[in-house]
Amino acid sequence: MKSKINIALNVFIVCAVAYSMMVSYRNGSELTFGRWHDLVYFTYQSNIWIAMVALLELMSASFRRQDCRWTRVTKLVFTSSIALTGIVYCFILSPIDGFRLELDCVFLHVAVPIAAVVGWIVSSGHFRIAWRLVWWNLVPPLYYFAFATYGYLRNWQFSEGCNYPYFFMNWGKAVWWVPVWFVVVGALLCAIAAVLIWINNKRS
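Source: prediction; values computed, not measured. (Residues numbered from 1 in each chain as written. Predicted model: local features only at pLDDT ≥ 70, side-chain atom pairs only at ≥ 80, totals over all residues. Heavy atoms only, no water.)

Peer 1: Hey, could you run me through a nonpolar patch on the surface in this one?
Peer 2: A grouping of Val175, Trp176, Val180 and Val184 is seen on the molecular surface, where their side chains present a nonpolar patch of about 410 Å² in accessible area. As for its placement among the helices and strands, Val180 is situated in helix α6 (residues 177-202). A residue is classified by how much of its surface remains accessible, and Val180, at 40% relative accessible area, is partly exposed. (Patch = residues over 30% accessible without salt bridge, like charges linked within 9 Å, V, L, I, M, F, W, Y side chains within 5 Å. Areas by Shrake-Rupley, 256 points an atom, 1.4 Å probe, with all protein chains shown as cover. Salt bridge = Lys/Arg side-chain N within 4 Å of Asp/Glu carboxyl O. Helix = DSSP H or I, 4+ residues; strand = E, 2+ residues; numbered from the N terminus. Buried < 20%, exposed > 50% of the residue type's maximum accessible area, 1.4 Å probe, protein only.)

As structure tokens, then:
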């Protein structure tokens, strides 16, 4: 039963992300990367990552292959990232910018993060995950902060008149602003990962 629920969640994640990417491409943009512009945001990248994990799980299920420890750790890293996307949007960004009700926005910021976390829970228990591996969850934010900083220096237009993607990545604010926010985001991400590891190990 749990495997069927996990398969259904993975199918939903793949379809929801594919639909949202098509909407993004169709809407296009006059900014730096044209029709692909939305891909500069962590929201879209984290959704693509978790959709790829979901697709790989669906392929493994079709060939009746079992997970190994490192595929589980990979899922941990990208489930933590998509959970971070949902938390930051719902509790930090939407109170400032307002909550958008377009279907693709709800998919990317709310539905897919919830589906990914539920999928993690129902698929937990095959392997124990060492607590030291929690640090692997810092790889996506390290990459993205470097990516956004490069865009800032190249003056990419993430949105109209802004060469940074999120207010906490604005190097023009103060020299300490981005590093402090990186610590905050990194700590939140590690906390999310720690909860996911605890759930997994408790069910092992």
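Peer 1: What exactly am I supposed to notice about unusual backbone geometry here?
Peer 2: Trans peptide bonds make up most of the peptide bonds, and negative phi angles are found at most residues other than glycine. With a phi close to 60°, Asn155 is a non-glycine residue in the positive phi region. Residue placement: Asn155 occurs in the loop between α5 (139-153) and α6.

Peer 1: How should the confidence of the model for the chain be read in this particular structure?
Peer 2: Low pLDDT marks stretches whose predicted atomic positions should not be read closely. Averaged over all residues, the pLDDT of the chain is 89; the fraction at 70 or higher stands at 92%. The secondary-structure element of the chain with the lowest mean pLDDT is helix α1 (residues 2-27), recorded at 90, while helix α4 (residues 103-122) shows the highest, at 96. (pLDDT = per-residue confidence, 0-100.)

Peer 1: Can you help me understand the packing of aromatic side chains in this one?
Peer 2: The relation between two aromatic rings is expressed through the spacing of the ring centres and the mutual angle of the planes. With the rule as written, the count across this model stands at 23 aromatic pairs. Between Phe42 and Trp49, the ring centres sit 5.6 Å apart and the planes meet at 80°, which makes this aromatic pair edge-to-face. In this structure Trp49 comes out as buried when scored by relative accessible area, which is 17%. A cation over a ring is seen here: Arg72 above Trp120, with NZ or CZ 3.7 Å from the ring centre. (Phe/Tyr/Trp six-rings, centres within 6.5 Å; stacked < 30°, edge-to-face > 60°. Lys NZ or Arg CZ within 6 Å of the ring centre and 35° of its normal.)

Peer 1: How should the pattern of salt bridges be read in this particular structure?
Peer 2: Pairing between side chains becomes possible if they bear opposite charge and their charged atoms approach one another. Under the counting rule described, the total for this entry stands at 2 salt bridges. Put simply, Lys75 and Glu57 hold a salt bridge, and the shortest N to O gap is 3.0 Å. With a gap of 18 residues between them, Lys75 in helix α3 (residues 69-97) and Glu57 in helix α2 (residues 42-62) connect regions that are remote in the sequence. Here Lys75 and Glu57 have matching classes, each one buried.

Peer 1: Would you mind going over the environment of Ala194 with me for this structure?
Peer 2: Checked against the element boundaries, Ala194 lands in helix α6. A relative accessible area of 24% places Ala194 in the partly exposed class. Sequence separation between Ala194 and Ala146 is 48 residues, and the spatial gap between their C-alpha atoms is 24 Å. In this view, Ala194 contacts Trp131 and Val134; residues no more than four positions away in its chain are not counted. (Contact = heavy atoms within 4.5 Å.)

Peer 1: What should I look at first to understand the side chain of Glu57 in this one?
Peer 2: On the accessibility criterion, Glu57 (13% relative accessible area) is buried. At 3.2 Å, the side chain of Glu57 forms a polar contact with the side chain of Asn6. (Polar contact = N/O pair within 3.5 Å; in protein donor to acceptor, adjacent residues only side chain to side chain.)

Peer 1: I would appreciate a short explanation of the environment of Glu160 in the present structure.
Peer 2: Structurally, Glu160 can be placed in the loop between α5 and α6. By relative accessible area, Glu160 is classed as exposed at 71%.

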